[in-house]
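# Residue-level structure breakdown
One letter stands for each residue in the lines below.
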Protein chains: 2
Amino acid sequence: MDKGQRLTVIDPEGMQVADLLAFKRADIGEVISAGRTFDYAETIYLTTGHQLFSNRSNPLLEIVEDMVGRHDFLLTPCSKDTFRICYDDHDPHRGCFGNLAEALAPFGVNEDMIPSAFNCFMNVPVDGETGRFKVLPPISKAGDRIVFEAKEDVVIGLTACSARDSNGGSFKPIHWTVD
Amino acid sequence: MDKGQRLTVIDPEGMQVADLLAFKRADIGEVISAGRTFDYAETIYLTTGHQLFSNRSNPLLEIVEDMVGRHDFLLTPCSKDTFRICYDDHDPHRGCFGNLAEALAPFGVNEDMIPSAFNCFMNVPVDGETGRFKVLPPISKAGDRIVFEAKEDVVIGLTACSARDSNGGSFKPIHWTVD
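Conventions we followed
- Residues numbered from 1 in each chain as written.
- Chains lettered and ligands numbered in written order.
- Predicted model: local features only at pLDDT ≥ 70, side-chain atom pairs only at ≥ 80, totals over all residues.
- Heavy atoms only, no water.
- Least-squares fit on C-alpha atoms with pLDDT ≥ 70 in both.
- Contact = heavy atoms within 4.5 Å.
- Phe/Tyr/Trp six-rings, centres within 6.5 Å; stacked < 30°, edge-to-face > 60°.
- Helix = DSSP H or I, 4+ residues; strand = E, 2+ residues; numbered from the N terminus.
- Buried < 20%, exposed > 50% of the residue type's maximum accessible area, 1.4 Å probe, protein only.
- UniProt positions renumbered as here; feature names shortened; annotations may be inferred.
- Polar contact = N/O pair within 3.5 Å; in protein donor to acceptor, adjacent residues only side chain to side chain.
- Buried area = accessible area lost by both parts, 1.4 Å probe.
- Salt bridge = Lys/Arg side-chain N within 4 Å of Asp/Glu carboxyl O.
- Nonpolar A, V, L, I, M, F, W, Y, C, P; charged D, E, K, R; others polar.
- Pairing = 2+ DSSP bridges.
- Axes fitted to C-alpha atoms, helices over the stretch in contact; angles between N-to-C directions.

### Side note on the relation of the copies chain B and chain A
Turning chain B through 180° and shifting it by 0.0 Å along the axis lays it on chain A, with an RMSD of 0.0 Å. Taken together, the rotation and translation relating the two chain copies correspond to the operation of a two-fold axis. The rotation axis passes nearest to the C-alpha of Gly128 of chain B in chain B, at a distance of 2.3 Å. Both copies present the same face, since 100% of the interface residues in chain B are matched by interface residues at the equivalent positions in chain A.

Written out as structure tokens, the structure reads:
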């Protein structure tokens, strides 16, 4: 995406998560950072008006429209290890992490450069007293969307999520447009 | 530190934060990951018995003793950008990020390889309803400590924190021992 373009991520059937990453196109070592974004937003729940900051403290994306208002930036893209450790799967699939790694490799992104993703529509309520959280089904309804404006020229990684708990037990498509 | 050794981080005067990083010594691209650790612990507040997992889903450290019970793993090491953006400082100092970057450079760690740190004694209560958090003074008292056991041979980065809000407005030493 070029600076100023808008990415619309759409949940066409409802209750489906999409993991999103953004790297600075001119210097692929710069990538969105949950920690820096939390630092500057002073909240862990991000919505319209919030910027996603990079590891170098520059905004790469800004949320300019949000029909859902509940997304996650705490947790990592699901991976073989996620399914092995959290789901006890004996033949775990590659999940979002594997999808993102394959899609981003041609742009010079290796696996260790993949941080926590911005998880569109992922519903992770945190108990403020204990710190414990749950991964609940998204509250997104069919056709809901979130729109990001690029603040720099960026490379985007986006994948529909294949973790059962994140998606209410079924796996559905994610649509997107750029304009 | 060698696998099996224990790192004790001590707050000698009380109310002082220390930012901690751990990298796998044999492959410096492997580093503690807040996201992976949250994924497997199912809580954002970590204490005795919790392991700090790496970006490759291996435990690098385990908390084996904790006299305080309140630490932070959400936020990034304070940096020139932190002081510029959050504190409006006109001549910002390098903070924890600069300290860690200088100390870790001889081990092959560059700035982009520094993730969110485990912030010993940092007190960041989160409002579970709104997601908003506050950075409050630590609840640690003089002499309180937290002890980590190395699960692999690791390189540790550790620095007393120089962000005012994190430390109750004054900057105090941090002590440590390894045995």
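### Re the packing of aromatic side chains
All names here are of chain A. Going through the model one piece at a time under the given rule, you end up with 10 aromatic pairs over all chains. With centroids separated by 4.8 Å and ring planes inclined at 65°, the aromatic side chains of Tyr40 and Phe53 adopt a geometry described as edge-to-face. Taken together, the positions of Tyr40 in helix α1 (residues 34-41) and Phe53 in strand β3 (residues 51-53) put the pair 13 residues apart, joining distant regions of the chain. Pair check on accessibility: Tyr40 and Phe53 agree, each one buried. Through a chain of ring-to-ring contacts, the aromatic side chains of Phe38, Phe73, Phe118 and Phe148 assemble into a single cluster.

### A few points about α1 of chain A
All names here are of chain A. Among the eight residues in α1, eight count as buried, and that is most of the element. Turning to α1, its buried residues are Ala34, Gly35, Arg36, Thr37, Phe38, Asp39, Tyr40 and Ala41. Following α1 by one or two positions, Glu42 has its phi on the positive side, about 60°.

### Structural notes on the UniProt feature "domain: DUF1989" (unreviewed entry) in chain A
The UniProt record annotates "domain: DUF1989" (unreviewed entry) at residues 2-155 of chain A. For residues 2-155 of chain A, helix accounts for 16% and strand for 23%, while the C-alpha atoms at its two ends are 9 Å apart.

### Brief notes about the side chain of Asp144 of chain A
Locating Asp144 of chain A in the fold gives a position in strand β6 (residues 144-150). Polar side-chain contacts of Asp144 of chain A include one of 2.8 Å to the backbone nitrogen of Lys141 of chain A.

### Concerning helix α3 (residues 95-104) of chain B
Within α3 of chain B, seven of the 10 residues are buried, leaving the element largely enclosed by the surrounding structure. Among the residues of α3 of chain B, Gly95, Cys96, Phe97, Gly98, Leu100, Ala101 and Leu104 of chain B are the ones counted as buried. Each element contacted by the buried residues of α3 of chain B is listed here: α1 of chain A together with β2 (18-24), α2 (80-85) and β7 (154-160) of chain B.

### Things to note about the interface of chain B and chain A
In this complex, chain B contributes 36 residues to the contact, which on the side of chain A involves 36 residues. Buried surface at the junction of chain B and chain A, summed over both partners, amounts to about 2,900 Å²; 50% is from carbon and sulfur atoms. Sorting the residues of chain B by area buried against chain A places Arg36, Asp112 and Phe133 of chain B first, and these three jointly supply 17% of that buried surface. Run the count over chain B and chain A and you get four salt bridges. Where chain B packs against chain A, one counts 23 residue pairs in polar contact (both at pLDDT 80 or more). Of all the secondary structure elements, the ones that give two or more residues to the side of chain B that touches chain A are α1 (34-41) and α2 of chain B. With six residues, the single largest contributor to the side of chain B that touches chain A is α1 of chain B. Here the side of chain B that touches chain A is built from residues that sort into 13 nonpolar, 13 polar and 10 charged.

### Concerning the sheet that holds β3 of chain A
Residues and elements named next belong to chain A. The five strands are arranged β3-β4-β6-β1-β8 in an open sheet whose pairing can be described as antiparallel. Edge positions in the sheet fall to β3 and β8 (175-178), since each of these pairs with one other strand and no more. In this sheet, neighbouring strand axes are inclined to one another by 25° on average, regardless of whether the strands run parallel or antiparallel. Direction of pairing for strand β1 (residues 6-11) relative to β6: antiparallel, over a ladder of six bridges. The residue bridging Thr8 from the neighbouring strand is Val147, located in β6.

### Digging into the environment of Pro77 of chain A
With respect to the helices and strands, Pro77 of chain A occurs in the loop between β4 (59-66) and α2 (80-85). Each C-alpha atom, one on Pro77 of chain A and one on Ser166 of chain A, is 11 Å from the other, the two residues being 89 residues apart in sequence. Beyond its immediate sequence surroundings of up to four residues, Pro77 of chain A is in contact with Asp19, Thr82, Cys96, Phe97, Leu100, Ile114, Pro115, Ser116 and Ala117 of chain A together with Arg36 of chain B.

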